[in-house]
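Read off the chains here:
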Amino acid sequence: MLGGLYPLEPDVMLDVEQVLGGLKDIAVALNPLWYSNVLPRLPTNGSLLPETSINAPQRDAVQTAVNAVILPTRLAQLERAAQAAKE
């Protein structure tokens, strides 16, 4: 499974899925900051939709929320998961 890099034990699989889910949540929250757009680049041609772009005040609000809530919460969850995996 996945070139032998993915664990076969069910409980370890759940730990890995939890970490991957947390990282995905972080990446999704960062999309508007990376692209100044609600949506990431289109998979068909790599362009951004102008209709879903965000202005500077909206981008600032997203950045504040990401820095104040999303990142601290998700990173703390990942840290707890890493600590639990050591035990």
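Preceding this paragraph is the structure being described.
Definitions and limits used
Residues numbered from 1 in each chain as written. Predicted model: local features only at pLDDT ≥ 70, side-chain atom pairs only at ≥ 80, totals over all residues. Heavy atoms only, no water. Helix = DSSP H or I, 4+ residues; strand = E, 2+ residues; numbered from the N terminus. Buried < 20%, exposed > 50% of the residue type's maximum accessible area, 1.4 Å probe, protein only. Expected span 1.5 Å × (residues − 1). Bend = angle between axes of the 7 residues up to and from the residue. Contact = heavy atoms within 4.5 Å. Core = buried A, V, L, I, M, F, W, Y, C linked by side-chain atoms within 4.5 Å.

1. Concerning unusual backbone geometry
In this structure, Ser 36 is a non-glycine residue whose phi angle is positive, near 50°. Position of Ser 36 among the secondary structure elements: in the loop between helix H1 (10-35) and helix H2 (56-86). Since its relative accessible area comes to 28%, Ser 36 is described here as partly exposed.

2. A closer look at H1
Between its first and last C-alpha, H1 extends 37 Å over 26 residues, near the 38 Å set by a 1.5 Å rise per residue. The largest bend along H1 reaches roughly 35° and is located at Ala 29, with the proline Pro 32 sitting one to four residues downstream. Residues Gly 22, Ile 26, Ala 29, Leu 30, Asn 31, Pro 32 and Leu 33 constitute the buried set of H1. Considering only its buried residues, H1 is in contact with H2.

3. Some details on the nonpolar core
Ranked by size, the top nonpolar core spans six residues in total: Ile 26, Ala 29, Leu 30, Leu 33, Val 66 and Leu 78. Counting only elements with at least two residues in this core, the list comes to H1 and H2. With four residues, the top contributor of residues to this core is H1. In this view, Leu 33 contacts Arg 59, Val 62, Gln 63 and Val 66; residues no more than four positions away in its chain are not counted.

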